[in-house]
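As a plain string of letters, each chain reads:
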Amino acid sequence: MSSILFVALPLLFGFATPILSKFGKDGVAYTSMLMQVFLLYLAFDLLSSADFHVEIISIAPPLGISFVLNKASLFLVALFTFLITLFSLYYLSHRKTDAYENETKFFILSNMLLASSIGLVLSSDIFNIYVFFEIAGISTYILSAYKKTPSALEAGLKYLLTGAVASIFLVFAVALIYINVGSLNLAVISQSFEALPYNIKVLISILLLIGFGFKVEIFPLNFWVTDVYQGSSALVNALFSGIIVKAYLFVFFHILYLFLPSGEFSVFLVYLGAVSMLVAEIAGLKQTNLKRLFAYSSLGQVALVFTAFAMQNKEGIQAALFIVLAHSIAKFIIFFALTSIEKEHKSIHIETLKELNSPFLRAIMLIAMFSLLGIPLFAGFVGKFLALKSFAVEGMFVIMMIIVIGSLIESVYYFKLAGYMFIKGKKREVLNIGSMQKVVFVLLAFLLIFIGIAPFIVSNFLGDSANILLDAKSYSDMMGGV
Amino acid sequence: MFEFLNQPEVIKIIVTIGSMALFFVGLFGLLTRKHIIKIFMSIAIMESSLFLFFIGLTFNTNFIAPILDNTHVNISNMNDPIPHAMILTAIVIGMAVLALGVSFAIEYYKLTGKTNIDEMNEMKH
């Protein structure tokens, strides 16, 4: 079966939604769910058959459009389809309680987001990456302004303004690459990029860093992130923090490894990531709005992934992919839980946790927070451990210090949250969670613990993925030796 | 008298200087203006300058349009069609994003009556 289905089916479904909605909202919801389950099956089928190749969509490379299916990209495709399937499962029982979110428009946007994030990961052509970058952008802008309240619209406007500026810098980079190299194919560019004049190379790298820097939420280009997370609904934040940031991060470093295999700017990027993490964790300390607080936590974790990716060695990338996995799952739990809390309490202030009366939700949130924090036996621990190991291997003890200090600061506000959750006091009535939602929560929490106890299930695979990502030569060989 | 302007090198220099000047006009507007619509206009100016820059640098006035037919089979003196295709796509995308942004701005104005981005601070309270 063809990998084009990963992009074509969600897009087709998204644009057929207005017609399908004639048959009722439930029909749309269940068809969308079915399609995502099918894509999930397809992703695991491709992964297990170990059928790694270049899929030509139109003309053969370097001229045409092609998708690269290797371990690294398929890992992310499988992760995204898995998460979006769980998102739909949660959404199916949540939507009846929220008038705004119970519209068929929502399916257009979530499916567009799925198609574009998979397209970003699979694409082997820098202009296609730009196109998917913009599709992802448009769907996220609308998702964040979805509720049409003043704060949601403000979040959407801020997201759109930064996104538009980011895309200008990306177009600039693409134009300069085409003028200097004469091709848009990543494999062709990777062969001649290092030989370009130094000034041009630095200019293109800076433009790419600014263009993607807005999207991968790196300091100082991440000023918009917390406002967007606070203004959008918690349900949508799960998609932002769990899926779309990871796609941008992957594609940025994928391009970096191909263009600069010798790692010229690696040290600079490592320090940039470490500083971002520290800034995010310190700023997160005094937050009282839960969505804003977890936005800062997301910034910190994403910066850690950025740092590990920027190491540009096998251990670093393996750690980064591991944190991507653990963080996406944990943030899905957290933001789903916040959605349930917001629905019941009509507020998302940190004080609402005191009144939260749901042992189930408290336990689930605690598991996710432990994993984010990096407590042993949870998936997050393995990720942080591998990351610290990779810095130690390279002798970067300053970075290790910064990461450890950042994690300590992070632990302060997680323990504060846990304290609020278990404080004795006036409680509300028991919060009702649908059985379908409970299944989603339990499945995600089980995965966090399971991967934490048995990390070897994925770590070898991620190590292979890291090797593949680093090997620029085999990438162009795969492309037919262009 | 102005024959020398027809040389490809001269055209490239003019295009580069002109489009970069336009780019910085847009960047200046983006950083200094406070009205949301003016910011969108600045973004549009920056985008257009890049389109001009890219097309200008890859276009050769001595070459012909890249259309293959019975009389034109030699592709060595044809302009490269890829930049044109790319820029067409980019124009469409840029326009869509701007239209979306303006529609957000209008909805926001209807609800709050604000157009100044410094006053957009719903999150602060």
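Residues numbered from 1 in each chain as written. Chains lettered and ligands numbered in written order. Predicted model: local features only at pLDDT ≥ 70, side-chain atom pairs only at ≥ 80, totals over all residues.

Right, let's talk about the overall build of chain A for a bit. Helices and strands together make up the secondary structure of chain A, namely 20 helices and 2 strands. What you see for chain A is a C-alpha radius of gyration of 21 Å, in line with the 23 Å of a compact globule of 482 residues. Its C-alpha atoms give chain A principal-axis dimensions of about 70 × 60 × 45 Å. Buried residues in chain A amount to 57% of all 482 residues. Considering only residue pairs separated by 6 or more positions, chain A has 80% of its internal contacts joining residues 24 or more positions apart. (Helix = DSSP H or I, 4+ residues; strand = E, 2+ residues; numbered from the N terminus. Rg over C-alpha atoms; globule rule 2.2 N^0.38 Å. Buried ≥ 20, exposed ≤ 12 C-beta atoms within 10 Å, placed from the backbone. Contact = placed C-beta atoms within 7 Å.)

A few words now on the overall build of chain B. For chain B, the helix and strand inventory stands at 3 helices and 0 strands. Listing the helices and strands of chain B from first to last along the sequence gives α-α-α. The C-alpha radius of gyration of chain B comes to 20 Å, more than 25% above the 14 Å expected for a compact globule of 125 residues. Scored against the burial criterion, the 125 residues of chain B give a buried share of 22%. Within chain B, counting contacts between residues at least 6 apart in sequence, those at least 24 apart form 54% of the total.

Residues and elements named next belong to chain A. The omega torsion across phenylalanine 219 and proline 220 is 0°, close enough to zero to call that bond cis. Relative to the helices and strands, proline 220 resides in the loop between α8 (198-215) and α9 (225-231). Even without a glycine there, the phi angle at glutamine 312 is positive, about 55°. In this fold, glutamine 312 is placed in the loop between α12 (290-310) and α13 (314-345). Assessed through the 24 C-beta atoms surrounding it within 10 Å, glutamine 312 is described here as buried. For leucine 377, which is not glycine, the phi torsion reads 80° and is therefore positive. Residue leucine 377 is classed as exposed on the basis of its 12 C-beta neighbours within 10 Å.

Another point: the interface of chain B and chain A. Each partner contributes to the interface: chain B provides 28 residues, whereas chain A provides 26 residues. Broken down by element, the residue count for the side of chain B that touches chain A peaks at 15 residues, all from helix α3 (residues 81-112) of chain B. Residue composition of the side of chain B that touches chain A, grouped by class: 21 nonpolar, 4 polar and 3 charged. (Nonpolar A, V, L, I, M, F, W, Y, C, P; charged D, E, K, R; others polar.)

Residues and elements named next belong to chain A. In contact at an axis separation of 6 Å, helix α16 (residues 379-393) and helix α18 (residues 435-453) are set at 45° when each is read in the N-to-C sense. By the angle class used here, α16 and α18 are oblique. Across the interface between the two elements, Ala379, Phe381 and Val382 of α16 pack against Leu448, Ile451 and Gly452 of α18. A class-by-class count of the residues in the contact of α16 with α18 yields 5 nonpolar, 1 polar and no charged. (Axes fitted to C-alpha atoms, helices over the stretch in contact; angles between N-to-C directions. Parallel < 35°, antiparallel > 145°, perpendicular 65-115°, else oblique.)

A few words now on the confidence of the model for chain B. Per-residue confidence for chain B gives a mean pLDDT of 86, with 96% of residues at or over 70. Quick note on the complex model: pTM equals 0.92, ipTM equals 0.92. (pLDDT = per-residue confidence, 0-100.)

We now examine helix α2 (residues 36-58) of chain B. The end-to-end C-alpha separation of α2(B) is 34 Å, in line with the 33 Å expected for 23 residues at 1.5 Å each. The set of residues buried in α2(B) consists of B:Ile36, B:Ile39, B:Phe40, B:Ser42, B:Ile43, B:Met46, B:Glu47, B:Ser49, B:Leu50, B:Phe53, B:Phe54 and B:Thr58. At its buried positions, α2(B) is contacted by α6 (150-181) of chain A together with α1 (8-32) and α3 of chain B. (Expected span 1.5 Å × (residues − 1).)

Residue and element names in this part refer to chain A. Axis separation between helix α3 (residues 71-94) and α13 bottoms out at 12 Å; the angle between their running directions is 10°. Relative to α13, the element α3 lies roughly parallel. Mapping the contact onto sequence places Phe75, Leu79, Leu83, Leu86, Tyr90 and His94 in α3 and Leu321, Leu325, Ser328, Phe332, Phe336 and Thr339 in α13.

Residues and elements named next belong to chain A. With respect to the helices, strands and loops of the structure, isoleucine 218 is situated in the loop between α8 and α9. For the pair isoleucine 218 and serine 276, spaced 58 residues apart in the sequence, the C-alpha separation amounts to 6.1 Å. Those residues in contact with isoleucine 218 that sit more than four places away from it in its chain are Gly213, Leu272, Gly273, Ser276, Ala303 and Phe306.

Here we take up the environment of A:Leu42. All names here are of chain A. Topologically, leucine 42 is positioned in helix α2 (residues 25-48). For leucine 42, a count of 19 C-beta atoms within 10 Å puts it in the partly exposed group. For the pair formed by leucine 42 and leucine 258, sequence separation is 216 residues and the distance between their alpha carbons is 27 Å.

We now examine the pairing of strand β2 (residues 66-69) of chain A. All names here are of chain A. Here β2 shows two buried faces, one formed by Ser66 and Val68 and the other by Phe67 and Leu69. Here strand β1 (residues 53-56) pairs with β2 via 4 bridges, running antiparallel. Each residue of the ladder has a partner; that of histidine 53, found in β2, is leucine 69. (Pairing = 2+ DSSP bridges.)

With that out of the way, let us pick up α8(A). Residue and element names in this part refer to chain A. Between the first and last C-alpha of α8 there are 26 Å, a value that for 18 residues agrees with the 26 Å anticipated at 1.5 Å per step. Every buried residue of α8 is listed here: Ile204, Leu207, Leu208, Leu209, Gly211, Phe212, Gly213, Phe214 and Lys215. Contact partners of the buried residues in α8: α6 and α10 (234-259). Directly after α8, the chain includes glutamate 217, whose backbone phi takes a positive value near 60°.

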